[in-house]
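Observations on the three-dimensional arrangement
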Amino acid sequence: MTSDVSQQTSSDKPFSLVVLISGGGSNLQSIINACENGQIPATIKAVISNKNDAFGLERAKKASIPALVLKHQDFTSRESFDLALAALIDQYQPDLLVLAGFMRILSPSFVERYLGRLINIHPSLLPLYPGLNTHQRALDADDKFHGASVHFVTPELDAGPVIIQGIIPVADNDNIQSLADKVLTKVEHLIYPQAITWIATQRITLNDRIVYLDNEPLPVSGYQIHY
Ligand code: GAR
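Quick look at the structure, then. (Residues numbered from 1 in each chain as written. Predicted model: local features only at pLDDT ≥ 70, side-chain atom pairs only at ≥ 80, totals over all residues. Heavy atoms only, no water.)

Turning next to helix H3 (residues 78-90). With 13 residues, H3 extends 18 Å between its outermost C-alpha atoms, agreeing within 8% with the 18 Å of an ideal straight helix rising 1.5 Å per residue. Every buried residue of H3 is accounted for by Phe81, Asp82, Leu85, Ala86, Leu88 and Ile89. The arc enclosing the buried residues of H3, seen along the axis, measures out at 160°, which places them on a common side. If you follow the buried residues of H3, they end up packed against strand S1 (16-21), strand S2 (43-49), strand S3 (67-69), strand S4 (96-99) and helix H4 (108-113). (Helix = DSSP H or I, 4+ residues; strand = E, 2+ residues; numbered from the N terminus. Expected span 1.5 Å × (residues − 1). Buried < 20%, exposed > 50% of the residue type's maximum accessible area, 1.4 Å probe, protein only. Arc of directions from axis to C-beta. Contact = heavy atoms within 4.5 Å.)

Take the layout of surface pockets next. Reported here for the largest pocket is a volume of approximately 880 Å³. Lining the largest pocket are 37 residues; nearest its centre among them are Phe102, Met103, Ile121, His122 and Pro123. Residue assignment for the lining of the largest pocket shows that the elements contributing at least two residues are helix H1 (26-36), strand S5 (118-122), helix H5 (134-140) and helix H6 (176-200). Broken down by element, the residue count for the lining of the largest pocket peaks at five residues, all from H6. Its residues assigned to classes, the lining of the largest pocket shows 17 nonpolar, 16 polar and four charged. (1 Å grid on protein atoms, 1.4 Å probe; cavity = no way out; pocket = protein on both sides within 12 Å on 5 of 7 lines; lining within 4 Å. Points joined across faces, edges and corners; volume = space filled by probe spheres on them. Nonpolar A, V, L, I, M, F, W, Y, C, P; charged D, E, K, R; others polar.)

Before going further, it helps to examine the packing of aromatic side chains. Under the criterion given, the structure shown has three aromatic pairs. Ring centres 5.6 Å apart and planes at 70° place the aromatic pair Phe75 and Phe81 in the edge-to-face group. Measuring from centroid to centroid gives 5.3 Å for Trp198 and Tyr223, while their planes differ by 75°, and the two rings are edge-to-face. With Trp198 in helix H6 and Tyr223 in strand S11 (residues 223-226), this residue pair connects regions lying 25 residues apart in the sequence. Under the relative-accessibility criterion, Tyr223 is labelled partly exposed at 37%. The ring centre of Phe81 lies 4.9 Å from the NZ or CZ of Arg104, which sits over that ring. (Phe/Tyr/Trp six-rings, centres within 6.5 Å; stacked < 30°, edge-to-face > 60°. Lys NZ or Arg CZ within 6 Å of the ring centre and 35° of its normal.)

With that settled, the discussion passes to the site of the ligand. Every residue close to the ligand is listed here: Gly24, Gly25, Ser26, Asn27, Gly101, Met103, Ile121, His122, Pro123, Leu184 and Glu188. Here an oxygen atom of the ligand and a backbone polar atom of Asn27 are 2.9 Å apart. Glu188 is positioned such that a nitrogen or oxygen atom in its side chain is 2.8 Å from an oxygen atom of the ligand. Structurally, the ligand is housed in the largest pocket. If you list the elements that add at least two residues to the shell around the ligand, you get H1, S5 and H6. (Near = heavy atom within 4 Å. Polar contact = N/O pair within 3.5 Å; in protein donor to acceptor, adjacent residues only side chain to side chain. Sits in = over half its atoms within 2 Å of the grid points.)

In this section: the side chain of Ser221. Structurally, Ser221 is set in the loop between strand S10 (216-217) and S11. With relative accessibility at 17%, the residue Ser221 sits in the buried group. With residues up to four places along the chain from it excluded, the contact list for Ser221 reads Val162 and Gln165.

Our focus in this paragraph is the sheet that holds S4. Strands sit in the order S3-S2-S1-S4-S5-S6-S7-S11 across an open sheet of eight strands; the sheet is mixed. The two strands at the open ends of the sheet, each matched to only one other strand, are S3 and S11. Ignoring which end each strand starts from, the neighbouring axes of this sheet average 20° apart. Where S5 meets strand S6 (residues 145-152), four bridges bridge the pair, whose relative direction is antiparallel. Bridging from a neighbouring strand, Asn120 pairs with His151 of S6. Those strands touched by H1 are S1, S2, S4 and S5, and its axis lies near 165° from that of S2. Across the face of the sheet, H6 comes into contact with S1, S4, S5, S6, strand S7 (162-169) and S11 while running at roughly 150° to S7. (Pairing = 2+ DSSP bridges. Axes fitted to C-alpha atoms, helices over the stretch in contact; angles between N-to-C directions.)

So, in structure tokens, the structure goes:
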């Protein structure tokens, strides 16, 4: 009898993640770093991209994490892609499924399958600006503050219960690029490892669309940090 224990090491931790990406994977890198330095007590079992040229795949390989590609163009419908994606994910039995710049809308049946153990990071202070072009929309609205949110994924786009938000001031001379850079590096790379750590250590629970931190209900904005 053979069993694939070759990739298991004594450093494997019990809480496991699968990360889905579509692009650069800088959030993935912050999660890899936080797993490696012990902030997040978890193991990334696999990184899956729907694009074969996503740079995040190189980041995964460099960290010796299985880096897999499932191209959505190879499927005739959203549902058939999502079914194949779920089959791939389930091979790794992750405790938590982490969307890190995964730029695909997921079908309701996929979301239902992972409800409560599927999280996303979004570059706005939800419920402001679900969808795309969030930095442009914050500038157009002359917002004084902007940031990012980590939330549980529900079938409605970018509308699931928020776990944590990181907030930065918008400077008078900010443009889309400067704001995007600040949100990514000064907010997202901090709040995503924090949220995952809380979930891995069972400090976060979700009940009836309310997020609890240490058994205390959080406001709809989640736990807010000003940077
Ligand atoms: C991040 O800004 C993330 O919030 C955003 O894509 C970027 C991915 O960057 N996600 C969404 O807009 C999802 N709606 P990364 O690949 O460098 O982590």
